[in-house]
Amino acid sequence: MTEIFADEKARASGWFRSLRDEIVAAFEGLEDSHDTGPFADQPAGRFDVSETKRHSDDGSDAGGGLMSVMRGGRVFEKVGVNVSAVFGTLGDAAQKSMAARGVPGIEKDPRFWASGISLVAHMQNPHCPAVHMNTRMFWTPNAWWFGGGSDLNPCLEYDEDTAHFHATQQAHLDPHGESLYPELKKWADEYFYIPHRNRARGVGGIFMDDRNTGDWEADFALTQDIGRAFLPAYVPLVEKRRVDAFGEAEKDAQLVHRGLYAEYNLVYDRGTKFGLATGHDANAVLMSLPPLAKWV
């Protein structure tokens, strides 16, 4: 890989790793503190951590990352927090996709580097909302950009929870320009929509892609604040809802909603498609899928 943008790449990948560490610690803290309500009598969950490796067609190193997955906890039925930094040469299909998005020079020099954090949480208690968060940086010899966001996916909706999630994100985005939150909220509403179901995946959040204003420092700072917004936007909702009693009807609603989530990720999600197309570890790419789901 070229040394161009070497410092920026290191800072971005380092930030994604530090955010991962903070989230993993916070989620294990939620497991430890859950001592009342459903599942409180179960052992506290812990993340299983494994390295992921990616190889080029000739077998040479092409990067990798950490896959951290917790299964069967008190609070989290399944949650994955993955980080990666991968590089190599884009294949023909990926080159065409990038060219169609307006990435300059990709067909002449198809080298790339990408790093990011990806998180999906599926909860034991159906009153606790599922959630997704991802931020990333992508580099080619002639372009760079940031992307990502977070969105809330409750099967049982509470207006006050939705309001808190959005207000926290807005508070973190407003210092970057008060027009930014409405723009990224609208983008999330459009991106996390499931056309074949004629409905949204959840209650929205924020999302951006191809973010390159020409000021790398400003765009990186925005990406960091999207990441910083996640825990204060989400953790209070879990702390509030994890003690709520539920029955078969609520659990059934959760499983049906998970089917909706799986459909979106397998059919439409850009990150899933990119990860599989570039040969990244399939288990890491598909960690977003729920442990159990239902179609009716």
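As the structure is a computational prediction, the values presented were derived from the model and not from experiment.

Peer 1: Explain the side chain of Asn125 to me, using residue names and the numbers behind them.
Peer 2: Mapped onto the elements, Asn125 comes out in the loop between strand E4 (111–123) and strand E5 (130–140). What makes Asn125 buried here is its relative accessible area of 3%. From its side chain, Asn125 meets the backbone oxygen of Arg241 in a polar contact 3.5 Å long. Of note is the side chain of Asn125, whose polar atom sits 3.3 Å from the backbone oxygen of Arg242. Each residue touching Asn125, except ones within four places of it in the same chain, is listed here: Pro38, Phe39, Arg241, Arg242, Val243, Asp244, Phe246 and Gln254.

Peer 1: Residue-level account of the packing of aromatic side chains, with values.
Peer 2: In total, this model carries 20 aromatic pairs according to the counting rule given. Aromatic pair Phe39 and Phe246: ring centres 6.0 Å apart, planes at 20°, arrangement stacked. Of this pair, Phe39 sits in the loop between helix H1 (6–33) and strand E1 (48–55) while Phe246 sits in the loop between helix H5 (216–241) and helix H6 (248–267); the two residues are 207 residues apart in sequence, bridging distant segments of the chain. Centroid distance Tyr191 to Tyr264: 6.2 Å. Interplanar angle 75°. Geometry classified as edge-to-face. Here the residue Tyr191 occupies a position in helix H4 (residues 180–191), and Tyr264 occupies one in helix H6, the gap between them amounting to 73 residues.

Peer 1: Residues and numbers for the nonpolar core, please.
Peer 2: The biggest cluster of nonpolar side chains holds 48 residues, and the ones touching the most others in it are Ile23, Phe27, Phe76, Phe230 and Tyr234. The greatest single-element share of this core, amounting to 11 residues, is contributed by H5. Discounting residues that sit within four places of it in the chain, Phe27 has contacts with Phe47, Met70, Phe76, Val79, Leu119, Phe230, Leu231 and Tyr234. One finds Ala94, Met98, Ile106 and Ala114 within the second-largest nonpolar core, a separate group that totals 11 residues.

Peer 1: Lay out the pairing of E1 in plain terms, naming residues and giving numbers.
Peer 2: The sheet contact formed by E1 and strand E2 (residues 61–71) spans 7 bridges and is antiparallel. Across the sheet, Lys53 pairs through a bridge with Gly64, a residue of E2. What sits between E1 and E2 in their antiparallel hairpin is a turn of 5 residues, with Gly59 showing a positive phi close to 90°.

Peer 1: Provide a residue-level description of the sheet that holds E1, including the pertinent values.
Peer 2: On the basis of which strands lie adjacent, the open sheet formed by 7 strands has the order E1-E2-E3-E4-E5-E6-E9 and antiparallel pairing. Sheet topology places E1 and strand E9 (204–211) at the edges, where each strand pairs with a single neighbour. On average, adjacent strands in this sheet sit at an angle of 10° to one another, irrespective of strand direction. Sitting on the sheet, H5 touches E4, E5, strand E6 (143–153) and E9, and the angle it makes with E6 is about 15°.

Criteria and thresholds
Residues numbered from 1 in each chain as written. Predicted model: local features only at pLDDT ≥ 70, side-chain atom pairs only at ≥ 80, totals over all residues. Heavy atoms only, no water. Helix = DSSP H or I, 4+ residues; strand = E, 2+ residues; numbered from the N terminus. Buried < 20%, exposed > 50% of the residue type's maximum accessible area, 1.4 Å probe, protein only. Polar contact = N/O pair within 3.5 Å; in protein donor to acceptor, adjacent residues only side chain to side chain. Contact = heavy atoms within 4.5 Å. Phe/Tyr/Trp six-rings, centres within 6.5 Å; stacked < 30°, edge-to-face > 60°. Core = buried A, V, L, I, M, F, W, Y, C linked by side-chain atoms within 4.5 Å. Pairing = 2+ DSSP bridges. Axes fitted to C-alpha atoms, helices over the stretch in contact; angles between N-to-C directions.

Spatial relationships are all this shows, so hold off on functional conclusions.
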